[in-house]
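# Survey of secondary and tertiary structure
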Amino acid sequence: MGNWMDISQVLNDKIPVWPGDTPFEYKVSWGMEESGSVNVGQVTMSTHTGTHIDAPFHFENDGKKVIDLDFNLYIGPALVIHVPKPASIGVRDLEGIELQGVKRLLIRTDSWTDKTVFPENIPHIEPEFAAYLAEQGVQLLGLDLPSVDPLDSKELPAHHELNNQGIHILEGLVLHKIEPGEYELAALPLPLEQADGSPVRAVIRKIK
Ligand SMILES: Nc1ccccc1C(=O)C[C@H](N)C(=O)O
Ligand SMILES: [Zn+2]
Ligand SMILES: [Zn+2]
């Protein structure tokens, strides 16, 4: 087994967020001087900041919240594939890739190169891709992108279709140094009872 590698974005006040969304902020709200013993921090952030998972409640009012998602899905074997700078991602991009038994699929696109700024354009997941992945048994789809739909999409077809096919979404991974292959993944969401998404600390290690 290889060493665990961090594939998460670092959370600090400079991390770019979805245009118009809550900026990330950490501050010591109760300092040593004041409390007499400790520094106590306060974090303000959108649930879709950096490396995070989407819960169906993000795009459907009666959808599952983060606490309702089976956490086992976010820990275990994962296949990393490399689809460099595609215009969009569809079935043709998986030609020659054996997906039998792959429950977690991470796609490295290298399309969001400067993670200090929010991208202007991203490749999207073609909605038909969801049924194909589900047929092969995929239940978690991870990407190095801030969304699975075009950034200006209001209908969010890929979000909905992935959800309809039972595929969970992991966004904002950092994969530019990760070679394609078989890994073990851990990217656990927080036990947020009401939330539509959660930041995760995503790590992987090579299996073979
Ligand atoms: N934060 C937002 C604010 C406004 C509108 C969309 C978003 C999103 O986050 C959508 C994206 N598809 C996402 O799941 O991360
Ligand atoms: Zn999201
Ligand atoms: Zn999303």
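Residues numbered from 1 in each chain as written. Chains lettered and ligands numbered in written order. Predicted model: local features only at pLDDT ≥ 70, side-chain atom pairs only at ≥ 80, totals over all residues. Heavy atoms only, no water.

## Some thoughts on the overall build of the chain
Along the chain, the regular secondary structure elements total three helices and 13 strands. The C-alpha radius of gyration computed for the chain amounts to 17 Å, which stays within 12% of the reference 17 Å derived for 208 residues, consistent with globular compactness. Projected onto its principal axes, the C-alpha positions of the chain cover 60 × 40 × 35 Å. The burial tally for the chain puts 46% of its 208 residues in the buried class. Here the contacts in the chain between residues at least 6 apart in sequence split such that 73% fall between residues at least 24 apart. As presented, the chain carries roughly 10,900 Å² of accessible surface, and 51% of it is formed by carbon and sulfur atoms. (Helix = DSSP H or I, 4+ residues; strand = E, 2+ residues; numbered from the N terminus. Rg over C-alpha atoms; globule rule 2.2 N^0.38 Å. Buried < 20%, exposed > 50% of the residue type's maximum accessible area, 1.4 Å probe, protein only. Contact = heavy atoms within 4.5 Å. Areas by Shrake-Rupley, 256 points an atom, 1.4 Å probe, with all protein chains shown as cover.)

## Some details on the coordination of the zinc ion (ligand 3)
Coordination angles at a metal have ideal targets, namely 109.5 degrees for four tetrahedral donors and 90 or 180 degrees for six octahedral donors. Protein coordination at the zinc ion (ligand 3) comes from Asp54 (OD), His159 (NE2), Glu171 (OE) and Glu171 (OE), with a distance range of 1.9 to 2.7 Å. Each donor residue of the zinc ion (ligand 3) belongs to the same chain, with the gaps between them written as D-x104-H-x11-E. The distance between the zinc ion (ligand 3) and the zinc ion (ligand 2) comes to 3.3 Å, with aspartate 54 serving as a donor to both metals. Placement of aspartate 54 in strand E4 (residues 52-54) and of histidine 159 in helix H3 (residues 157-164) is noted, with a sequence separation of 105 residues between them. (Donors = N, O, S within 2.8 Å, 3.2 Å for Na, K, Ca; no water.)

## What about the coordination of the zinc ion (ligand 2)?
On the protein side, the zinc ion (ligand 2) has His48 (ND1), His52 (NE2), Asp54 (OD) and Glu171 (OE) as donor atoms, found 2.0 to 2.3 Å from it. The coordination sphere of the zinc ion (ligand 2) comprises six donor atoms, whose angles at the metal cover 55 to 175 degrees; the geometry is irregular. Within one chain, the residues donating to the zinc ion (ligand 2) are spaced in sequence as H-x3-H-x1-D-x116-E. (Tetrahedral: all angles 85-135°; square planar, octahedral: opposite > 155°, others 65-115°.)

## Brief notes about the UniProt feature "binding site: substrate" (unreviewed entry) in the chain
UniProt tags Trp18 as "binding site: substrate" (unreviewed entry). Mapping tryptophan 18 onto the fold places it in the loop between strand E1 (5-6) and strand E2 (25-30). Not counting chain neighbours up to four residues away, the residues in contact with tryptophan 18 comprise Phe118, Pro146, Ser147 and Leu151. (UniProt positions renumbered as here; feature names shortened; annotations may be inferred.)

## Some thoughts on the nonpolar core
Generally speaking, soluble globular proteins have nonpolar side chains that are buried together. With 26 residues, the main nonpolar core has Leu99, Leu105, Ile107, Ile125, Leu133, Leu141 and Leu143 as its most contacted residues. Per-element tally for this core: the top contributor is helix H2 (residues 128-135), with three residues. With residues near it in sequence (within four places) discarded, leucine 133 still touches Leu94, Leu99, Leu105, Val138, Leu141 and Ile167. Membership of the second largest hydrophobic core comes to 22 residues, among which are Ala78, Leu173, Leu175 and Leu185. (Core = buried A, V, L, I, M, F, W, Y, C linked by side-chain atoms within 4.5 Å.)

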